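Spelled out, the chains give:
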Amino acid sequence: MKKLLALAAVAIFSVSALFAENTFHVGTYFPITNLTVSDDDTDSETDFSSTGVGAFFDYTHVANGGFTFKIGTGIAYASTSDVKSYVNNEDLSGVDFDFFVGLGGSPIHNEKMTLSITGNTGLRVQNLSKTETFLGSEITTDTLSILFFIGPEVSYTIRFNEHVGLFGNLGVLYNVGVAAFKEIDDDVRVGYAATGFNIQPKIGVAFTL
């Protein structure tokens, strides 16, 4: 098994060496999520939106022919006003994490700039909460969303020299999964089906090998 893994690593490195570009993108992103949470028992739907700001990283390969592969992750601080805390009716806030892979093409890729269009798919985990004190006890209002997503992302990189530049990305992603809620320190979360869209503008620095 170790030999197979070593051979696979050598093969990946060798193929990567043939690519026209190998670029690391590091920067800031602003996830904007608009979900609809459905309760089949009551046949009701509720809006559940959130906004955030965070840091992300991806590694993008562009082959000589333009074929593009990317893999990345991001973590953001997010908040929602659609779900309020139990005691003081305040917004919930917390972590929005995602991991994705993408495949597509780069119709423009040269020493000065790269324009890539990929179809991304991945996993998003969002945990927003608020802990308050009431009559000497701590009370937590908590939401946990686990979502799979898919959608297009457009990426544009402009280079100051052969290796360093700036980039901007915009992804529009469809999400489907479950949103679970709990209140008043109840250990049991109640889960509901969740669907909706997520928009992710990204900006930052690009390092091309």
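Scroll up a little and you will see the structure.
This is a predicted model, so every value here is computed, not measured.

Caption draft 1: Representation of the pattern of salt bridges in the model. Counted under the stated rule, the structure contains six salt bridges. One salt bridge in this structure joins E21 and R159, with 2.8 Å as the shortest N-O distance. Residue E21 is found in strand β1 (residues 21-29), and its partner R159 is found in strand β7 (residues 137-159); the two are separated by 138 residues along the sequence. An identical accessibility class is assigned to E21 and R159; each is buried. Note that R124 is salt-bridged to D96, the shortest N-O span being 3.3 Å. Here the residue R124 occupies a position in strand β6 (residues 113-134), and D96 occupies one in strand β5 (residues 91-109), the gap between them amounting to 28 residues. Comparing R124 with D96, the two get one shared label, buried. Here the residues in one salt-bridge network are K70, E153 and K202, joined through shared partners.

Caption draft 2: Focus on the side chain of N169. Position of N169 among the secondary structure elements: in strand β8 (residues 164-182). A polar side-chain atom of N169 sits 3.3 Å from a polar atom in the side chain of S155. Leaving out residues up to four positions away in the same chain, N169 has contacts with F56, D58, K70, E153, V154, S155, Y156, Q200, P201 and K202.

Caption draft 3: Representation of the nonpolar core. Within the largest apolar cluster, eleven residues are counted, these being L35, V37, F48, A78, V83, L92, L128, L147, A179, F181 and A194. Those elements that provide at least two residues to this core are β2 (32-39), β4 (67-84) and β8. When residues no more than four places from it in sequence are discounted, the contact partners of V83 are F48, E90, D91, L92, T143 and F181.

Caption draft 4: Summary view of a nonpolar patch on the surface. Taken together, the side chains of I32, L123, I146, F148, I150, L170, V172, Y174, V176, V178, F197 and I199 present a nonpolar region at the surface, about 1,000 Å² in accessible area. Among the secondary structure elements, those contributing two or more residues to the nonpolar patch are β7, β8 and β9 (190-208). Ranked by residues supplied to the nonpolar patch, first place goes to β8 with five residues. Inspection of the secondary structure puts F148 in strand β7. For F148, a relative accessible area of 55% corresponds to the exposed category.

Caption draft 5: Spatial organisation of the layout of surface pockets. Here the largest pocket defines a volume of roughly 160 Å³. Every element with two or more residues in the lining of the largest pocket is listed here: β2, β3 (44-62) and β4. When the residues that make up the lining of the largest pocket are grouped by side-chain class, the tally is five nonpolar, three polar and four charged.

Caption draft 6: Structural detail: empty space enclosed by the protein. Here the structure, examined in full by the defined rule, presents two cavities of 30 Å³ or more. If you add up the space inside the largest cavity, you get close to 70 Å³. Contributing to the lining of the largest cavity are E21, T23, H25, T60, V62, K70, T114, S116, S155, T157 and R159. Within the residue set of the lining of the largest cavity, elements represented by two or more residues are β1, β3, β6 and β7. Looking at the lining of the largest cavity residue by residue, the class counts come to one nonpolar, seven polar and three charged. Counted as a void, the second largest cavity has a volume near 50 Å³. Here the lining of the second largest cavity is built from residues that sort into three nonpolar, three polar and three charged.

About the criteria used
Residues numbered from 1 in each chain as written. Predicted model: local features only at pLDDT ≥ 70, side-chain atom pairs only at ≥ 80, totals over all residues. Heavy atoms only, no water. Salt bridge = Lys/Arg side-chain N within 4 Å of Asp/Glu carboxyl O. Helix = DSSP H or I, 4+ residues; strand = E, 2+ residues; numbered from the N terminus. Buried < 20%, exposed > 50% of the residue type's maximum accessible area, 1.4 Å probe, protein only. Polar contact = N/O pair within 3.5 Å; in protein donor to acceptor, adjacent residues only side chain to side chain. Contact = heavy atoms within 4.5 Å. Core = buried A, V, L, I, M, F, W, Y, C linked by side-chain atoms within 4.5 Å. Patch = residues over 30% accessible without salt bridge, like charges linked within 9 Å, V, L, I, M, F, W, Y side chains within 5 Å. Areas by Shrake-Rupley, 256 points an atom, 1.4 Å probe, with all protein chains shown as cover. 1 Å grid on protein atoms, 1.4 Å probe; cavity = no way out; pocket = protein on both sides within 12 Å on 5 of 7 lines; lining within 4 Å. Points joined across faces, edges and corners; volume = space filled by probe spheres on them. Nonpolar A, V, L, I, M, F, W, Y, C, P; charged D, E, K, R; others polar.

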